[in-house]
Amino acid sequence: MNHSLAATAARFSLVLASTASLGLAQLPQSDAPPQSPVGLLKSPGMPRIYWGQTTRFTSAWNPAAGIAFDGAFSWADDGDEDGVALDLNVAELTMQGSISPSWWGNFALETNSEEVELTESALFYMGLAERTSFRTGKFFIDFGKQMQIHVHDLMTPQRPAVLREYLGTEVPGTGFQLDHWSPIGDETAFRFSLGLFGEMEQHGHGFLFEEEGHGGHGGHGGHEGEGEIEPLLEDRRDFQDLIITARATAMTDAGENGILQVGASYRGIPEFAFEAEGANLAGDDVDFDADGLDSSVFGLDLTYGWNSPDGTKGWTAGAEFIRAEGTLNAEIVNDGTDQVALELFDGDAQGWFAYADHAWNQQNNVGIMVSAFEHLEDERPEDLEYTAYWTHFPTEFTRVRVAAIHMDREEGEDAQALMVQLTGYIGAHGHPYNW
Amino acid sequence: MQRLLPTLLAALAALVAPGLGAPRAAAGSGEKLQVVTTIPDLADIVRRVGGDEVEVKAIARGFENLHTVRLRPSHMVMVSRAKLFVQVGLALEHGWVPGLLESARNSRIMADGPLNVAEDWPYLIEVPLTLDRSTGVDIHPLGNPHVNLDPRFGAFAAQRIRDRLKELRPEAAAAIDANCAAYEKEIEQRGQRWKRVAALVKGRKVVQYHKEFSYLCLANGLEMVGALEPQPGVPPTPRHLAQLAKQMRAEGVQVVVHGPWTPGRIAEDAAARGGARAVELPVMAQRDNGETWLDFMDRLHDGLLAAWDLELPPEEEDSSR
Ligand SMILES: [Zn+2]
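Residues numbered from 1 in each chain as written. Chains lettered and ligands numbered in written order. Predicted model: local features only at pLDDT ≥ 70, side-chain atom pairs only at ≥ 80, totals over all residues. Heavy atoms only, no water.

> For this particular structure, what's the right way to read the overall build of chain A?
Within chain A, the secondary structure is distributed over 3 helices and 17 strands. Across the 435 residues that make up chain A, the buried fraction comes to 57%. If you take every contact in chain A between residues at least 6 apart in sequence, the share linking residues at least 24 apart comes to 61%. For chain A, the computed accessible surface area is about 16600 Å², with 56% contributed by carbon and sulfur atoms. (Helix = DSSP H or I, 4+ residues; strand = E, 2+ residues; numbered from the N terminus. Buried < 20%, exposed > 50% of the residue type's maximum accessible area, 1.4 Å probe, protein only. Contact = heavy atoms within 4.5 Å. Areas by Shrake-Rupley, 256 points an atom, 1.4 Å probe, with all protein chains shown as cover.)

Given below as structure tokens:
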């Protein structure tokens, strides 16, 4: 994981050069009304990127295209990993556009310094029923207030530690999802979604600390660590064995200038396996196979947002409680004899995060976030991560963030990091984040 | 625990079924047409033209930055129940209206689209020759969209609204025509006073914070020397402010006008450095006290008089003009 500064800079400029032509060609002058059907009403805690043009700018192109760059200069001290790094966290190409009055689609391709991946490619249908949408393809799961959002769009510098541990840094699934909302009285909107997925990934890029390898439970394609065992999903399985996500949330006017939102989320994997190869002391290969496993993650969230009457100042505070159940982790255990075994962590674990953010004008906010979680191991050692950040928007299309992060580990050495993050947007930036 | 799927599917079916099976009943003839507008000015004009046919709600309260109005769940509910959505257009509200409409997913409004009152506004000014982010962000990409401060806006908007309402309520066409004609007449009468204000302030020099008073300035013959924002939507920079202060002193600018949403301290500092005074003016009608667009325009013109400590001469003298 040694990042050569020069190599990264070279890669960065290569990506810039190769994509600059797209940015130049996209002259936004047009008489057409804003068209990109992406970016819904901003509920509290949603990205501050939404000033308008970033998501909305009329585009002479159809579909509306955009490129987002997110890079960071950081210093971290985490046991063996120590020193500074210059990372291109992500260069992202997005496109979105209407297909017909009731259909639209979006697409996002992400590259970091090591790989290119398709993170979103979905079609949306709005004609099913009033206040209802249906999507199919690959998209981020609807879990809590955060998991729909790409890391580079988050209000906070990192995904909260508990979500990274129990769900993954970014979790796109391939399947379909139904969304419906309805009014309750005059001031409350209630929404639910139900998703079914054949595949689900668990992206691990974009965090500062080496996470301790655990199996995760998000399917294949996750981050790789030593001795880590990936959960395995069969390509074909029974209908009732599809991965399911569900979310119900309500938001309401709270006073003249506030919004209160509560929600409950669920993600269940009814059928998966852990398969691994190990070697005993004699050097013989031993195959391990544990199938018919299941796991569930539950979440409860509460968010409050307040804005000054003129909309320029604001406070946002939120908390989420997460509980995981089932077979959550697997490890190859070698007790120093010929006996090698696959040990499953079967049980439950829980964690939470809470944050508060203050915007004192349209260009600046500061915030703190705390996240705690139990490791998916028998002793359930607890980690506590503290984050403080300042975010500055020089323009609607650029964001500079300075952050300090401290990880307090019950087991193992504490870790800390300082980070300067720079994010820029060319063209229209859009993801189908729902409230 | 793990076989939640059947239960969830059943619950889902129960929840969606009412939405699928019973689309909201079409508006009966006795029912009022539900209209939502972005700004109180438009709500007032819809009320004047639509009369008994309409029930109107506005989203903005009156002191926001029109480019970044904060939305709330009640706005989604409002839009989901509306039959017509009215906005100024010209990209004035494009930072928040598209997201609101998509969130509300009112199929009728999605299909018809909002009524963009100023779509074919013939007096468009400050249209950027090029849009290039390397020279800064311009949140007035189609030209200056703050047309509700133009004395000509009332009649113009009333006619656009009249035409749409007649399409939606053909049976009430005669009444709508009559309402619109009466309203235009009233604007004409009230506008006499604005003309007298213009005659007094004409030729004076102003600086604005955000270019939201340009139409007002033109209508009153005010000379616009510059804006604290180097470009619409770009916050003032020290360098730009220093340059502007020099220019203000050289040209003898006495007044810096700014809206209720702009940081008053910045406007005051800039005014002081340029040897002028900062004056806050409204940028739209106030919703919660039921201010009409005509009352708002009166208040705006009173604000201009106060900015230079002027008073209108008694009406009798004026009638000789
Ligand atoms: Zn403006």
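> Before we go on, may I ask you to explain the sheet that holds strand 3 (residues 84-87) of chain B in this structure?
What holds strands together in a sheet is hydrogen bonding between their backbones, with the strands either parallel or antiparallel. All names here are of chain B. Sheet architecture is open: 4 strands sit in the order 2-1-3-4, paired in parallel fashion. Each edge of the open sheet is held by one strand with a lone partner, namely strand 2 (54-58) and strand 4 (115-116). Where strand 1 (residues 33-37) meets strand 2, 5 bridges bridge the pair, whose relative direction is parallel. Directly across from Thr37, in strand 2, lies its bridge partner Ala58. (Pairing = 2+ DSSP bridges.)

> Would you explain empty space enclosed by the protein in this entry?
Empty pockets left among the atoms are what a rolling probe the size of a water molecule brings to light. Residues and elements named next belong to chain A. Evaluation of the coordinates by the stated rule reveals 10 cavities of 30 Å³ or more. Considered as a void within the structure, the largest cavity measures approximately 120 Å³ in volume. What lines the largest cavity is a set of 15 residues, among which Gly45, Lys145, Gln146, Phe353 and Tyr355 lie closest to the centre. Where the lining of the largest cavity is concerned, the elements lending two or more residues are strand 11 (285-307), strand 12 (314-334) and strand 13 (340-359). The biggest single contributor to the lining of the largest cavity is strand 12, with 3 residues. For the lining of the largest cavity, a count of residues per class yields 8 nonpolar, 5 polar and 2 charged. (1 Å grid on protein atoms, 1.4 Å probe; cavity = no way out; pocket = protein on both sides within 12 Å on 5 of 7 lines; lining within 4 Å. Points joined across faces, edges and corners; volume = space filled by probe spheres on them. Nonpolar A, V, L, I, M, F, W, Y, C, P; charged D, E, K, R; others polar.)

> So what exactly am I meant to see when it comes to the coordination of the zinc ion here?
Ideal geometry at a metal centre gives angles of 109.5 degrees when four donors are arranged tetrahedrally and 90 or 180 degrees when six donors are arranged octahedrally. All names here are of chain B. The protein atoms that coordinate the zinc ion are His67 (NE2), His140 (NE2), His146 (NE2) and His210 (NE2), at distances of 1.9 Å. Given 4 donor atoms and angles of 107 to 111° at the metal, the environment of the zinc ion is assigned as tetrahedral. Here the donor residues of the zinc ion share one chain and are spaced in sequence as H-x72-H-x5-H-x63-H. A relative accessible area of 1% means that His140 is categorised as buried. A relative accessible area of 1% means that His146 is categorised as buried. (Donors = N, O, S within 2.8 Å, 3.2 Å for Na, K, Ca; no water. Tetrahedral: all angles 85-135°; square planar, octahedral: opposite > 155°, others 65-115°.)

> I would appreciate a short explanation of helix 11 (residues 293-307) of chain B in the present structure.
Given 3.6 residues to a turn, an α-helix orients residues that are three or four positions apart in the same direction. All names here are of chain B. In a regular helix each residue adds 1.5 Å, so 15 residues correspond to 21 Å; helix 11 covers 21 Å between its end C-alpha atoms and thus fits that length. Of all 15 residues that make up helix 11, 11 are buried, and the element is covered over most of its length. Of all the residues in helix 11, the buried ones are Trp293, Leu294, Phe296, Met297, Asp298, Leu300, His301, Gly303, Leu304, Leu305 and Ala307. Buried-residue contacts for helix 11 involve helix 2 (40-50), helix 6 (153-168), helix 7 (173-201), helix 8 (214-219), strand 7 (255-258) and strand 8 (277-280). Count one or two residues on from helix 11 and you reach Asp309, which has phi positive near 55°. (Expected span 1.5 Å × (residues − 1).)

> In this structure, what is going on with unusual backbone geometry? I would like to understand it.
Leave glycine aside and you will find that most residues have negative phi; peptide bonds, for their part, are mostly trans. A positive phi angle, near 60°, is found at Arg131 of chain A, a position not held by glycine. Looking at where Arg131 of chain A falls in the secondary structure, it is placed in the loop between strand 4 (116-125) and strand 5 (132-140). Residue classification places Arg131 of chain A among the buried positions, given a relative accessible area of 13%. Its identity is not glycine, yet Glu126 of chain B carries a phi of approximately 55°, on the positive side. In this fold, Glu126 of chain B is placed in the loop between strand 4 and helix 6. Judged by its relative accessible area of 30%, Glu126 of chain B falls in the partly exposed class.

> Got a minute to help me understand the environment of Lys138 of chain A in this structure?
Residues and elements named next belong to chain A. Take Lys138: it is sitting in strand 5. A relative accessible area of 12% places Lys138 in the buried class. When the C-alpha atoms of Lys138 and Leu118 are compared, they prove to be 8.5 Å apart, with 20 residues separating the residues in sequence. Apart from residues lying up to four places away in sequence, Lys138 is in contact with Leu118, Thr119, Glu120, Ser121, Ala122, Pro172, Gly173, Thr174 and Glu201. Within the local environment of Lys138, its side chain forms a polar contact with the backbone oxygen of Leu118, the two atoms lying 2.8 Å apart. (Polar contact = N/O pair within 3.5 Å; in protein donor to acceptor, adjacent residues only side chain to side chain.)

> Sorry, what's going on with the nonpolar core here?
General note: in soluble globular proteins, nonpolar side chains tend to be found buried as a group. Grouped together as the largest cluster of nonpolar side chains are 82 residues, with contacts concentrated most on Leu42, Ile45, Ile59, Phe85, Phe153, Ile161 and Trp293 of chain B. When residues in this core are grouped by element, the largest group, 8 residues, is from helix 11 of chain B. Summarising the domain contributions, this core has at least three residues from each of domain 1 (2-119 + 145-189) and domain 2 (191-319) of chain B. Once residues lying within four places of it in the same chain are set aside, the contact partners of Phe153 of chain B are Leu42, Ile45, Val117, Trp121, Val147, Asn148 and Trp293 of chain B. By size, the runner-up hydrophobic cluster in this structure holds 40 residues, among which are Phe139, Ile229, Phe272 and Ala290 of chain A. (Core = buried A, V, L, I, M, F, W, Y, C linked by side-chain atoms within 4.5 Å. Domains from an automatic or database assignment.)

> Is there a simple way to think about the sheet that holds strand 6 (residues 223-227) of chain B in this case?
Residues and elements named next belong to chain B. Spatially, the 4 strands line up as an open sheet ordered 6-5-7-8, and their pairing is parallel. Each edge of the sheet is formed by a strand with only one pairing partner; in this case those strands are strand 6 and strand 8. Looking at each pair of strands side by side, their axes are set apart by 30° on average, direction ignored. Bridge analysis of strand 5 (residues 205-208) against strand 6 gives 4 bridges, and the strand direction is parallel. When the bridges of strand 6 are listed, Gln208 appears paired with Ala227. (Axes fitted to C-alpha atoms, helices over the stretch in contact; angles between N-to-C directions.)

> How do you make sense of helix 3 (residues 73-81) of chain B when you look at a structure like this?
By the criterion of burial, helix 3 of chain B is predominantly enclosed, with 8 of the 9 residues buried. Those residues of helix 3 of chain B not exposed but buried are Pro73, Ser74, His75, Met76, Val77, Met78, Val79 and Ser80 of chain B.

> Explain the packing of helix 3 of chain B against helix 4 (residues 97-104) of chain B here, please?
When two helices pack together, you describe them by how their axes are tilted relative to each other and by the distance separating the axes. Residues and elements named next belong to chain B. Helix 4 packs onto helix 3 with a crossing angle of 70° between their chain directions and a minimal axis gap of 9 Å. As far as their axial angle goes, helix 4 and helix 3 are roughly perpendicular. In this structure, the crossing between helix 3 and helix 4 has a hand that is right-handed. When helix 3 is examined against helix 4, the residues His75, Met76, Val79 and Ser80 are found in contact with a partner set consisting of Leu100, Leu101, Ser103 and Ala104. Among the residues forming the contact of helix 3 with helix 4, the class breakdown is 5 nonpolar, 3 polar and no charged. (Parallel < 35°, antiparallel > 145°, perpendicular 65-115°, else oblique. Left-handed = near helix turned anticlockwise from the far one by under 90°.)

> Even after reading the chapter, I still don't get the packing of aromatic side chains, so can you show me in this structure?
Aromatic ring pairs are defined here through the distance separating the ring centres and the angle between the ring planes. Evaluated as defined, the whole model comprises 15 aromatic pairs over all chains. Between Trp121 of chain B and Tyr215 of chain B, the aromatic rings sit 5.8 Å apart at their centres with planes inclined by 90°, giving edge-to-face as the arrangement. On the criterion of sequence distance, the pair formed by Trp121 of chain B in the loop between strand 4 and helix 6 and Tyr215 of chain B in helix 8 is long-range, its members being 94 residues apart. Residue classification places Tyr215 of chain B among the buried positions, given a relative accessible area of 1%. Considering the side-chain rings of Trp194 of chain B and Trp293 of chain B, the 5.8 Å spacing of their centres and the 90° angle between planes classify their relative orientation as edge-to-face. Of the two residues, Trp194 of chain B is situated in helix 7 and Trp293 of chain B in helix 11; the sequence distance between them amounts to 99 residues. Exposure remark for Trp194 of chain B: the relative accessible area of 4% places this residue in the buried category. Among the aromatic residues, those joined into a ring-pair cluster are Trp121, Tyr123, Phe153, Phe156, Trp194, Tyr215 and Trp293 of chain B. Over the aromatic face of Trp435 of chain A sits the side chain of Arg191 of chain A, whose NZ or CZ is 5.5 Å from the ring centroid. (Phe/Tyr/Trp six-rings, centres within 6.5 Å; stacked < 30°, edge-to-face > 60°. Lys NZ or Arg CZ within 6 Å of the ring centre and 35° of its normal.)

> How should I be thinking about the domain arrangement of chain B in this particular structure?
When the parts of a complex come together, some accessible area is lost, and that lost area is often used as the size of the interface. Residue and element names in this part refer to chain B. In terms of domains, chain B is made up of domain 1 (2-119 + 145-189) and domain 2 (191-319). Contacts between the two partners involve 28 residues from domain 1, matched on the other side by 27 residues from domain 2. Interface of domain 1 and domain 2: buried area, both sides summed, is about 2400 Å²; carbon and sulfur atoms make up 60% of it. Among the residues of domain 1 in contact with domain 2, His146, Leu149 and Pro151 are the three that bury the most area, contributing 26% of the side total. (Buried area = accessible area lost by both parts, 1.4 Å probe.)

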